[in-house]
Amino acid sequence: MSAGFAAGAAPFVIGDIQGCQDALRSLVARIDASSAPDGTTPTLWLVGDLVNRGPRSLATLRWAIANEHRITAVLGNHDLHLLAAAAGIRPLHRSDTLDEILAAPDAADLIDWVRRRPLAHLEGGHLLVHAGVLPQWNAQRTVELASEVELVLRSPRWIDFLRVMYGNVPARWSDSLAGADRLRVIVNALTRLRFCTPDGTMEFNAKQGADAPPPGHLPWFDAPGRASADTTVVFGHWSALGLLMRPKLIALDTGCVWGGALTAVHLADRSVTTVRCPRPPAAG
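Below is a short write-up of the structure. (Residues numbered from 1 in each chain as written. Predicted model: local features only at pLDDT ≥ 70, side-chain atom pairs only at ≥ 80, totals over all residues. Heavy atoms only, no water.)

**Topic: the sheet that holds strand β6 (residues 195-196)**
Here's step 1: Judged by pairing direction, the sheet is antiparallel, and its three strands sit side by side in the order β7-β6-β8 without closing on themselves. Strands with a single pairing partner mark the edges of an open sheet, and in this sheet they are β7 (202-203) and β8 (218-219).
Here's step 2: Taken together, the two bridges between β6 and β8 define a ladder with antiparallel strand orientation. When the bridges of β8 are listed, C196 appears paired with L218. (Pairing = 2+ DSSP bridges. Helix = DSSP H or I, 4+ residues; strand = E, 2+ residues; numbered from the N terminus.)

Here it is, written out as structure tokens:
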């Protein structure tokens, strides 16, 4: 049993879903069929990017809301993109699959549910985020900083914040940051980070695997002296990384939306459950 969780209470963590609801239902059915012989429903952690790019974003979001009693879902960059599109701040891209959500008769309620999700969750010695953690932040600090953004997203000022959320600067954390700059760095680290320099300066263009970092950069989790290294960080976002498990790290975006797999890891024993995902139709 993973340290920090009571017997039988360790959740299953599921990677980026991105609107692939058929794969999600198949995966959860396998989890439910193979666990909890006492009839207890297993709890599920979702690493963010519930919606977008996959074929059934609305159905996936409705599933999450219907199963709110058993899930903890953190916000990913595609979830934030949904909020920005709903607020009229960002246009939809050709590859987006958010139209059904925005056109739903209860769209306002759906958006309200999304913007009340956390950006980080700490429990049982495991820190759940979508993308990454800057080297200066330990687990508790990460949750505290995430809460600063969560308070704004859940407030009447949420649309004003989304107007200034996007951008790549500042690229490095400082405790002296304030206002929009401070919140932007927090969001970028938690929802976009892959590579950074040893001092935590973020790089936002490279999407390749961890073995091919841009010059002078390294995967965020390999930053020397990373303050969160004593906590198991669980994340997705990085499909080129795939499933990666180290003693204090679990990455599980296995590219379902790109025809890969949807993956779950049980935090009790790190057992892996996967379902294959259909290859998306060719463009054109």
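**Brief notes about the sheet that holds strand β4 (residues 121-123)**
Here's step 1: The strand order across the open sheet built from five strands is β4-β5-β9-β11-β10, with neighbouring strands paired in mixed fashion. In the strand order of this sheet, the two ends are held by β4 and β10 (242-246), each with one partner. On average, each strand axis in the sheet is inclined to that of its neighbour by 15°, with strand direction left out of account.
Here's step 2: Relative to strand β11 (residues 249-253), β10 is paired through five bridges, and the arrangement is antiparallel. Its bridge partner being in β11, M245 is matched across the sheet by I250. (Axes fitted to C-alpha atoms, helices over the stretch in contact; angles between N-to-C directions.)

**Some remarks on the environment of A251**
Here's step 1: Looking at the secondary structure, you find A251 in strand β11.
Here's step 2: With a relative accessible area of 2%, A251 lands in the buried category.
Here's step 3: Linking A251 and H126, residues 125 residues apart in sequence, is a C-alpha distance of 12 Å.
Here's step 4: Leave out the neighbours within four places in its chain, and A251 touches F235, L241, G242, L243 and L244. (Buried < 20%, exposed > 50% of the residue type's maximum accessible area, 1.4 Å probe, protein only. Contact = heavy atoms within 4.5 Å.)

**Quick word on helix α1 (residues 21-34)**
Here's step 1: An ideal rise of 1.5 Å per residue puts 20 Å on 14 residues; α1 measures up with 20 Å between its terminal C-alpha atoms.
Here's step 2: Looking at the buried positions of α1, the neighbouring elements they touch are β1 (12-14), β2 (44-46), α2 (57-66), β12 (261-266) and β13 (272-276). (Expected span 1.5 Å × (residues − 1).)

**Concerning unusual backbone geometry**
Here's step 1: With an omega of -5°, the peptide bond between V169 and P170 qualifies as cis.
Here's step 2: Topologically, P170 is positioned in the loop between α7 (158-165) and α8 (179-192).
Here's step 3: Even without being a glycine, R53 presents a positive backbone phi close to 80°.
Here's step 4: Take R53: it is sitting in the loop between β2 and α2.
Here's step 5: Residue classification places R53 among the partly exposed residues on the basis of a relative accessible area of 29%.
Here's step 6: Look at H237: it is not a glycine, yet its phi comes out positive at around 75°.

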